[in-house]
Amino acid sequence: MSITDPNMSDRFTSAMEEIHNKELKTYTDIIDTTAELAQSHRQFVKSAIDTCLKKCKDDDILFETIQTFKKDLERKKVALKEKRQAISEVISEIQEKDMQKEDIIQKIEKLKEEQTKRKELIESQYKANKDRLKNLQKARLVFQDHLGLEVRTILGKTQLVKGEKLQFVFRNINPSDPDSAYVITMGINESGSYQIVSSDPVLKCLPALEKRLQETNNLPAFLANVRKEFISQTRR
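- An unreviewed UniProt entry lists the protein under the name Kinetochore protein SPC25, from Astatotilapia calliptera.
- Here is the UniProt Sequence similarities (unreviewed entry) comment for the protein, exactly as written: "Belongs to the SPC25 family."
- Among the UniProt annotations of the protein, the heading Subunit (unreviewed entry) holds the following wording: "Component of the NDC80 complex."

1. Quick look at the packing of helix H2 (residues 206-216) against helix H3 (residues 219-234)
Phase 1: Following both chains from N to C, one finds H2 and H3 inclined at 165°, their axes separated by 10 Å at the closest point. Comparing their axes, H3 and H2 come out roughly antiparallel. As for the relative orientation of H2 and H3, their crossing is right-handed in sense. Touching Leu-206, Leu-209, Glu-210, Arg-212 and Leu-213 of H2 are Leu-219, Phe-222, Asn-225, Val-226 and Glu-229, all from H3.
Phase 2: Among the residues forming the contact of H2 with H3, the class breakdown is 6 nonpolar, 1 polar and 3 charged.

2. Some words on the pattern of salt bridges
Should their charged atoms come close, side chains of opposite charge can pair.
Phase 1: Enumeration according to the criterion identifies 11 salt bridges in this entry.
Phase 2: Notably, a salt bridge pairs Glu-93 with Lys-97, separated by 3.4 Å at the nearest N-O pair. Of this pair, Glu-93 and Lys-97 both sit in helix H1 (residues 8-147), 4 residues apart, roughly one helical turn.
Phase 3: With a relative accessible area of 41%, Glu-93 lands in the partly exposed category.
Phase 4: For Glu-150, the salt bridge goes to Arg-171, with nearest N and O atoms at 3.6 Å. Residue Glu-150 is found in strand E1 (residues 150-156), and its partner Arg-171 is found in the loop between strand E2 (163-170) and strand E3 (182-188); the two are separated by 21 residues along the sequence.

3. Some details on the packing of aromatic side chains
Phase 1: Counted according to the given criterion, the structure contains 2 aromatic pairs.
Phase 2: Every member of this aromatic cluster is reached through a ring pair, and the members are Phe-170, Tyr-182 and Phe-230.

4. Here's the deal with the nonpolar core
A general trend in soluble globular proteins is that nonpolar side chains are found buried together.
Phase 1: Residues Phe-168, Phe-170, Ile-184, Met-186, Leu-219, Phe-222 and Val-226 are the most contacted members of the largest nonpolar core, which totals 18 residues.
Phase 2: The biggest single contributor to this core is H3, with 5 residues.

5. Things to note about unusual backbone geometry
Phase 1: Cis geometry is adopted by the peptide bond preceding Pro-201, which originates at Asp-200 and carries an omega value of 0°.
Phase 2: With respect to the helices and strands, the residue Pro-201 is situated in the loop between strand E4 (194-200) and H2.
Phase 3: Its identity as a non-glycine residue notwithstanding, Asn-172 has a phi of 60°, on the positive side.
Phase 4: Turning to its location among the elements, Asn-172 is positioned in the loop between E2 and E3.
Phase 5: Classification of Asn-172 as partly exposed rests on a relative accessible area of 47%.
Phase 6: Within the chain, Asn-217 stands out as a residue other than glycine whose phi angle is a positive 60°.

6. Here's the deal with a nonpolar patch on the surface
Phase 1: A contiguous nonpolar patch, built from Phe-12, Met-16 and Ile-19 and spanning about 320 Å² of accessible area, is present on the exposed surface.
Phase 2: As for its position among the elements, Phe-12 is in helix H1.

7. Quick notes on the state of the cysteines
Phase 1: According to the stated counting rule, one finds 0 disulfides in the structure shown.
Phase 2: We note that Cys-56 lacks a disulfide partner, and the nearest cysteine sulfur, in Cys-52, lies 6.4 Å from it.

8. As for the pairing of E3
Phase 1: With 6 of 7 residues buried, E3 is to be regarded as a mostly interior element.
Phase 2: What sits between E3 and E4 in their antiparallel hairpin is a turn of 5 residues, with Gly-192 showing a positive phi close to 90°.

The rules we used
Residues numbered from 1 in each chain as written. Predicted model: local features only at pLDDT ≥ 70, side-chain atom pairs only at ≥ 80, totals over all residues. Heavy atoms only, no water. UniProt positions renumbered as here; feature names shortened; annotations may be inferred. Axes fitted to C-alpha atoms, helices over the stretch in contact; angles between N-to-C directions. Helix = DSSP H or I, 4+ residues; strand = E, 2+ residues; numbered from the N terminus. Parallel < 35°, antiparallel > 145°, perpendicular 65-115°, else oblique. Left-handed = near helix turned anticlockwise from the far one by under 90°. Contact = heavy atoms within 4.5 Å. Nonpolar A, V, L, I, M, F, W, Y, C, P; charged D, E, K, R; others polar. Salt bridge = Lys/Arg side-chain N within 4 Å of Asp/Glu carboxyl O. Buried < 20%, exposed > 50% of the residue type's maximum accessible area, 1.4 Å probe, protein only. Phe/Tyr/Trp six-rings, centres within 6.5 Å; stacked < 30°, edge-to-face > 60°. Core = buried A, V, L, I, M, F, W, Y, C linked by side-chain atoms within 4.5 Å. Patch = residues over 30% accessible without salt bridge, like charges linked within 9 Å, V, L, I, M, F, W, Y side chains within 5 Å. Areas by Shrake-Rupley, 256 points an atom, 1.4 Å probe, with all protein chains shown as cover. Disulfide = S-S within 2.5 Å. Pairing = 2+ DSSP bridges.

Set out below in structure tokens:
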């Protein structure tokens, strides 16, 4: 055809150039599209990486916050435990003080009762001693005026006879020696009863006389019996 048609070669060449241009344009479009996709992909990857990095950073911050909360919670638990222990100790101390208070109150009440009893005992002893003093005065008048009895007040110096004692000095016992003294010493013990300290000369029956005196509280009769025993002893 190129022989018969001299323009065929130009048309072929023109057609090939057109095809080439079209292919080249298509290739160029493909390259441009690929570049755009690559750029878009890079941007996507960068955004994804940035997002992941931000997420990791946020996770780290969240983890640190959680750890801080845990540590703070542990400190609060320890502080709460210490406060509970302190409260328990305070409660125990209060209970102990309440028990001590009750014990003190009971002791005070007991002391009040003991003081009341002691007061009643003192009043009772005072009354009994007052009555005994009257008896002593009566006995003194009777025996001193009629029988030559002398009553002396002495102070005992030993632990056994500590305190004021009375000495009853009898005379006119022995007819051969009327001025000879026969002495009996007595006092009042803590319970308010008469107590014989000694006698000179010694009377063997003195314990029995003392017991009877404590039972009857009759001092004149006791002194009369003692005088009889002294007289009886001189006649033996």
